[in-house]
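The chain contents come next:
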Amino acid sequence: MKDSVLMIDARNIFRKVTRKIYDFSPEQEQNILAIVWLYRGETGRYLELVSRYCETMLREAESSVNSGDENLFNQFCQKMTLFLDTARPHIIRLSGDYAAKEIFSELEGENAQLSKEINGFAKGTSHELKLWEKQDTSNGGLKKAVDRLSSLPDSSHALVTQVDLISKLANRLMETCEKEGQAKGSDLWSGRDLNRILKDAEGVREELIFDLKQVRYFWKQAHWLVERFPDGTYRDVEGLVKRVSRSEIAANDWSLTPGRYVGVAPEEVDEEFDFEEALRDIHIELEGLNAEAVELAGIIQKNFKELGI
């Protein structure tokens, strides 16, 4: 390899820290190193990294559905159930067509659905952990494992969406009840208790979401590698890496800019953008705006009457 230069264009590999600051995550650094390992023929180090990503993903999934009091899913569902039970007496008393009743019904249904989805995720995790105990860690075995494990990060992503939706609905219910006025002065409404429950639930939600996102994150690192190097050996990858000869460099006026050699990377689809979640958010926000519009219309009408208009 003495007459070759390994050109790596890492412009498309980054972690967004803030709007202006980007860096490499530790795993992204390892992935770049893995390219060098394959270039040097150090296949064992590459396979060990892919295997570690898969195992870490499984352990993260297991930690979110572990048994006992530390089960974050159970904690979140219990707090949401407590929230519903505390708000229920006031909701039952409401007569007529109120937005709060509709939100309450939707929240109740989503919370029940979450419990079912949790059970499915827990069973899937347990099944994959048993398979992993006998996992073939050759390149072919790991490639099949990454494909097989894709159902878990998909499930974890769906659970993140579900948990976020439930949290938003609970806050929306609280806001709607108190803004519309039915809750004010009601002996069946305990705003202080409900706020405390939501605050506790938010702490659990943040921790739970972090664990669930880790499942998807570590799978994506393994998938990133096996997708680009499916045979477990070095190859040129368009837009990422290329083995360049000294003659090629000379032909390019001895430029050492990787982009001149590796080509242009194909445009990647933003897998993190969830259309369903976006539509749900819009729906919830629209409900709130409609409620505010009704409230403002009532105030304007009242002001017109007072002015004799």
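These figures come from a predicted structure and were not determined experimentally.

S.K.: Can you break down the overall build of the protein residue by residue, with the values?
M.R.: When helices and strands are counted, the protein shows ten helices and four strands. If you list the helices and strands of the protein from N to C, you get β-β-β-α-α-α-α-α-α-α-β-α-α-α. Relative to the 2.2 N^0.38 estimate, which gives 19 Å for 309 residues, the radius of gyration of the protein is 27 Å and therefore markedly larger than a compact globule would have. When its C-alpha atoms are laid out on the principal axes, the protein stretches across 90 × 55 × 25 Å. The 309 residues of the protein split such that 40% are buried. Of all intrachain contacts in the protein linking residues separated by at least 6 positions in sequence, the fraction that spans at least 24 positions is 76%. Charged side chains of the protein number 41 positive and 55 negative; the gap between the two group centres comes to 3 Å.

S.K.: Quick rundown of the side chain of Ser64? Include the residues and the values.
M.R.: Considering the arrangement of structural elements, one finds Ser64 in helix H2 (residues 43-64). Overall, Ser64 belongs to the buried group, its relative accessible area being 0%. Among the polar contacts made by the side chain of Ser64, one reaches the main-chain carbonyl oxygen of Ala61 at a distance of 2.8 Å. Setting aside its immediate chain neighbours within four residues, Ser64 contacts Asn71, Leu72, Phe73, Phe121, Leu208, Asp211 and Leu212.

S.K.: Explain the packing of aromatic side chains residue by residue, including any values.
M.R.: Taken as a whole and assessed by the stated rule, the structure comprises five aromatic pairs. Ring geometry for Tyr39 versus Tyr234: centroids 5.6 Å apart, planes at 75°, classification edge-to-face. Of the two residues, Tyr39 sits in helix H1 (residues 26-39) while Tyr234 sits in the loop between helix H7 (191-228) and strand S4 (241-245), which places them 195 residues apart along the sequence. Here the two residues Tyr39 and Tyr234 agree in accessibility, since each one is buried.

S.K.: Provide a residue-level description of a nonpolar patch on the surface, including the pertinent values.
M.R.: There is a patch of nonpolar side chains on the surface, built from Leu296, Ile299, Ile300, Phe304 and Leu307 and spanning about 490 Å² of accessible area. Within the fold, Leu307 resides in the segment after helix H10 (275-306). Accessibility expressed as a relative area gives 63% for Leu307, which makes it exposed.

S.K.: So what's going on with the nonpolar core? Which residues, and what values?
M.R.: The nonpolar side chains of a soluble globular protein tend to be buried with one another. Counting 75 residues, the largest nonpolar core has Tyr46, Phe73, Phe83 and Leu173 as the members making the most contacts within it. Counting residues per element, this core draws most heavily on H7, at 15 residues. Aside from chain neighbours lying at most four places away, what touches Tyr46 is Ala34, Trp37, Leu38, Asn139, Leu225, Val226, Phe229 and Gly232. In terms of nonpolar packing, the next biggest core, distinct from the first, is built from five residues, Met7, Ile249, Tyr261 and Val262 among them.

S.K.: Any details on the pattern of salt bridges? Residues and values, ideally.
M.R.: The tally for this structure, following the rule as stated, stands at 16 salt bridges. Two residues, Arg148 and Glu128, come together in a salt bridge whose shortest N-O distance is 2.8 Å. Of this pair, Arg148 sits in helix H5 (residues 139-148) while Glu128 is found in helix H4 (residues 99-132), placing the two residues 20 residues apart along the sequence. Classification of Arg148 by relative accessible area gives partly exposed; the value is 28%. For Glu128, a relative accessible area of 6% corresponds to the buried category. Through salt bridges with shared partners, a single network forms among Asp85, Arg88 and Glu108.

S.K.: For unusual backbone geometry, give the residues involved together with the corresponding values.
M.R.: Backbone geometry at Asp253 places phi at a positive 55°, although glycine is not the residue there. Structurally, Asp253 is set in the loop between helix H8 (246-251) and helix H9 (259-262). The class of Asp253 is exposed, set by a relative accessible area of 65%.

S.K.: Provide a residue-level description of H1, including the pertinent values.
M.R.: A rise of 1.5 Å per residue sets the reference length of H1, with its 14 residues, at 20 Å; its end C-alpha atoms lie 20 Å apart and thus fit the reference within 8%. Taken across its 14 residues, H1 has ten buried, putting it largely inside the fold. Close packing links the buried residues of H1 with strand S1 (4-8), strand S2 (15-16), strand S3 (22-23), H2, H7 and S4.

Quick notes on the rules
- Residue indices begin from 1 for each chain and proceed along its sequence in written order.
- Per-residue local features of the predicted model are confined to residues with pLDDT of at least 70, and side-chain atom pairs are confined, for both listing and counting, to 80 or more; whole-chain, interface and lining totals are unaffected and use all residues.
- Side-chain measures were taken over the full set of non-hydrogen atoms in the model, leaving aside hydrogen atoms and water.
- The helix count covers DSSP runs of H or I at least four residues long, the strand count covers runs of E at least two residues long, and both are numbered beginning at the N terminus.
- Put simply, the radius of gyration uses C-alpha atoms, and a globule should come to 2.2 Å times the residue count raised to 0.38.
- Using a 1.4 Å probe on the protein chains alone, a residue whose accessible area is under 20% of its type maximum counts as buried, one over 50% counts as exposed, and one in between counts as partly exposed.
- Note on definitions: a residue-residue contact is assigned when non-hydrogen atoms from the two residues lie within 4.5 Å.
- The sign given to each residue is positive for Lys and Arg and negative for Asp and Glu; His and the chain ends receive no count.
- The atom standing in for a charge is NZ when the residue is Lys, CZ when it is Arg, CG when it is Asp and CD when it is Glu.
- Nitrogen and oxygen atoms within 3.5 Å of one another constitute a polar contact, given that in protein one can donate a hydrogen and the other can accept it, and given that sequence-neighbouring residues count only through two side-chain atoms.
- Two rings from Phe, Tyr or Trp (for Trp, the six-membered ring) form a pair when their centres sit within 6.5 Å of each other. Planes less than 30 degrees apart are called stacked, planes more than 60 degrees apart edge-to-face, and all others tilted.
- For patch detection, residues must exceed 30% relative accessible area and be free of salt bridges, and they are connected within 9 Å for like charges or within 5 Å for nonpolar side chains (Val, Leu, Ile, Met, Phe, Trp, Tyr).
- Computed with a 1.4 Å probe, the accessible areas rest on the Shrake-Rupley method; for each residue, only the protein chains presented here act as cover.
- Should a side-chain nitrogen of Lys or Arg be within 4 Å of a carboxyl oxygen of Asp or Glu, the pair is scored as a salt bridge.
- Throughout, nonpolar core names a set of buried Ala, Val, Leu, Ile, Met, Phe, Trp, Tyr and Cys residues whose side chains join them through atoms within 4.5 Å.
- A helix is expected to span 1.5 Å multiplied by its residue count minus one.

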